[in-house]
Amino acid sequence: MSIERVTILGSTGSIGVQTLDIIRRNPERFQVSSLVAHSRWEELARQAREFNAESVVIGDKSLYPQLKEALADTPTKVLAGEEDINFVAESYRSDTVVNALVGYAGLHPTALAIESGKRIALANKETLVVGGDIIMAAARRKGVEIMPIDSEHSAIMQCLEGERREAIRNLIITCSGGALRHLSIEELEGVTPEMALKHPQWSMGAKITIDSATLVNKGFEVIEARWLFDIEAERIKVVIHPQSIVHSMVEFTDGSVKAQLGNADMHTPISYALLYPERATRAVEHFSILDYPTLSFAEVDRVKYPALDIAYECLRRGGTAACTMNGANEVAVAAFLNHKCRYHDIVGAIRYALDNASFEAHPTLDDYDAANRESRELARRYIKM
Ligand code: NAD
Ligand code: MG
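Let us look at the structure shown here.

Rules of the game
- Residues numbered from 1 in each chain as written.
- Chains lettered and ligands numbered in written order.
- Predicted model: local features only at pLDDT ≥ 70, side-chain atom pairs only at ≥ 80, totals over all residues.
- Heavy atoms only, no water.
- Core = buried A, V, L, I, M, F, W, Y, C linked by side-chain atoms within 4.5 Å.
- Buried < 20%, exposed > 50% of the residue type's maximum accessible area, 1.4 Å probe, protein only.
- Helix = DSSP H or I, 4+ residues; strand = E, 2+ residues; numbered from the N terminus.
- Domains from an automatic or database assignment.
- Contact = heavy atoms within 4.5 Å.
- Salt bridge = Lys/Arg side-chain N within 4 Å of Asp/Glu carboxyl O.
- Near = heavy atom within 4 Å.
- Areas by Shrake-Rupley, 256 points an atom, 1.4 Å probe, with all protein chains shown as cover.
- Nonpolar A, V, L, I, M, F, W, Y, C, P; charged D, E, K, R; others polar.
- Pairing = 2+ DSSP bridges.
- Axes fitted to C-alpha atoms, helices over the stretch in contact; angles between N-to-C directions.
- Phe/Tyr/Trp six-rings, centres within 6.5 Å; stacked < 30°, edge-to-face > 60°.
- Lys NZ or Arg CZ within 6 Å of the ring centre and 35° of its normal.

Quick look at the nonpolar core now. Counting residues in each nonpolar core, the largest one holds 89 residues, and the members touching the most others are Ile146 and Leu171. It is helix α14 (residues 321-337) that provides the largest number of residues to this core, a total of 10 residues. Inspection of this core shows a minimum of three residues originating in each of domain 1 (4-148) and domain 2 (169-264 + 303-317). Apart from the residues within four sequence positions on either side, isoleucine 146 is in contact with Ile114, Ile120, Leu122, Ile135, Met136, Ala139, Met157 and Leu228. Membership of the second largest hydrophobic core comes to 36 residues, among which are Leu35, Ala53, Ile58 and Ala100.

What follows is the structure in structure tokens.
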């Protein structure tokens with residue numbers, strides 16, 4: 001088997017570090033091509049040494065001198081800034097690009113990697129939320145495989161293995177309810193970022209943890225599923241499942257429901273994406289169903305979590321709507337994390353942006369850039385930043 005060259009965009013983050021764990025355990029199979037991070041240059045330099053990376057890119061250009069100095073005695077090429085991130089995403093020196101960047105920043109690198117025919121392991125769900133339509137069309141045109149690194153979509157993909165499209169009735173995405181699931185709407189008013197960051201099951205980056213608390217993340221996952229599996233929104237259901245053991249399900253026309261279960265550990269979906277169609281031999285700890293004698297499921301409270309219906313609304317509107325939702329959410333979540341706005345302002349900013357943004361029904365990548373800028377501006381106006 002030939003060795004596969006892997007580029008990791010966002011290698012110092014939660015998904016990036018776990019991806020490197022998988023690569024570390026499979027040295028005969030993978031070799032690191034490029035590693036990309038935003039600001040943690042010391043960690044990036046350490047990773048570059050350990051994995052003998054061909055090149056590294058630091059997103060924040062002001063940190064280039066430090067990184068260059070730290071890797072001066074190695075053959076690793078040191079690059080910086082957005083253009084260089086795009087360059088390594090597109091470069092011929094890799095077979096697979098793992099996109100574990102956060103937010104809109106992931107869109108262009110994914111698009112470039114697809115155009116150059118690379119296999120994509122996609123954690124950056126914002127890529128599909130914003131531009132799922134054109135990204136999936138480009139992947140089909142180029143014959144490129146997009147493997148999801150999101151536990152729900154990995155679960156659905158596993159349930160669909162060997163099944164015919166016509167046999168699918170519904171996709172059922174499970175949702176833990178996030179860190180604030182026990183609070184009432186009134187109690188949510190006073191929530192601090194520290195409270196929202198305490199996810200009961202998953203340890204993840206800050207932005208997605210807040211998105212999990214507001215259920216924006218679940219709304220995004222519905223949009224992601226719509227494009228990944230090419231299925232209409234009405235057939236994508238969401239159920240609350242507080243234990244996060246059933247990672248999602250597929251209901252078939254004969255009444256069968258298949259589910260994928262396992263520990264809440266992203267090593268499983270990451271290794272599935274990287275090793276498919278093989279399976280890792282020691283990705284995570286043994287899972288025992290006896291540890292979970294009670295698995296429960298419930299309806300989502302749509303009043304307490306308006307973000308979920310907003311995501312469905314964006315799918316109905318199509319065009320740039322979901323891009324607008326995403327941009328406003330990014331600004332509002334960053335503001336919330338910096339104590340610059342309240343919890344309810346996150347959905348408030350999304351609503352304000354969607355009600356005031358211009359709309360493009362058949363956007364190009366440039367139109368997405370414009371819609372992203374506009375929605376961020378609207379969210380800043382709403383939050384009064
Ligand atoms: P994180 O914040 O832990 O890590 C993000 C990584 O991307 C870091 O290495 C950071 O340096 C880099 N980065 C961010 N913005 C950048 C930019 N503009 N330029 C260059 N580098 C940049 O985030 P995470 O939790 O690993 O999430 C990554 C993506 O995966 C997100 O889209 C998230 O929604 C998705 N995801 C994460 C999990 C999880 O368990 N963490 C699960 C499912 C999906
Ligand atoms: Mg998920």
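If you walk through the whole model with that rule in mind, you get 30 salt bridges. Each member of the salt-bridge network shares a partner with another, and the members are Asp21, Arg24, Glu43, Arg46 and Glu50.

To continue, consider the site of ligand 1. Neighbouring residues of ligand 1: 23 residues in total, closest Thr12, Ser14, His38, Glu126 and Gly205. For ligand 1, the protein covers 85% of the area, taking 830 Å² as the surface of the free molecule. Taken together, the residues of the shell around ligand 1 sort by class into 12 nonpolar, 8 polar and 3 charged. There are two domains that each give the shell around ligand 1 at least three residues, and those are domain 1 (4-148) and domain 2 (169-264 + 303-317).

On to helix α5 (residues 107-115). Within α5 the residues assigned to the buried category are Leu107, Pro109, Thr110, Ala111, Ala113 and Ile114. Phi turns positive one or two residues past the end of α5, at glycine 117, with a value near 80°.

Spatially, β9-β8-β10-β11 is the arrangement adopted by the 4 strands of the open sheet, whose pairing is mixed. Each end of this open sheet is capped by a strand with a single partner; those strands are β9 (236-240) and β11 (257-261). With direction set aside, neighbouring strand axes in the sheet form an average angle of 20°. Summarising the sheet, strand β10 (residues 246-252) and β11 pair through 5 bridges and their orientation is antiparallel. Directly across from methionine 249, in β11, lies its bridge partner alanine 259. Across the sheet, helix α11 (residues 216-228) is in contact with β8 (168-175) and β9; its angle to β8 comes to roughly 150°.

This part takes up the sheet that holds strand β1 (residues 4-9). Within the open sheet, the 7 strands sit side by side as β4-β3-β2-β1-β5-β6-β7. Their pairing is parallel. For this open sheet the edge positions go to β4 (77-80) and β7 (146-148), each flanked by a neighbour on one side alone. Between one strand axis and the next, the sheet turns through 20° on average, direction left out of account. In this structure, strand β5 (residues 96-99) lies alongside strand β6 (residues 119-122), joined through 4 bridges in parallel fashion. Note that in β6 the partner of valine 98 across the bridge is alanine 121.

Tallied over the entire structure, the rule returns 4 aromatic pairs. The interplanar angle of 65° and the centroid separation of 5.5 Å between the aromatic rings of tyrosine 272 and tyrosine 276 together place this pair among those described as edge-to-face. The class for tyrosine 272 is buried, based on a relative accessible area of 7%. Pairing phenylalanine 336 with tyrosine 343 gives two aromatic rings, centres 6.4 Å apart and planes at 75°, and the pair type is edge-to-face. On the basis of relative accessibility, which here comes to 1%, the residue phenylalanine 336 falls in the buried class. The positively charged end of arginine 226 is found above the aromatic ring belonging to tryptophan 227, 4.1 Å away from the centroid.

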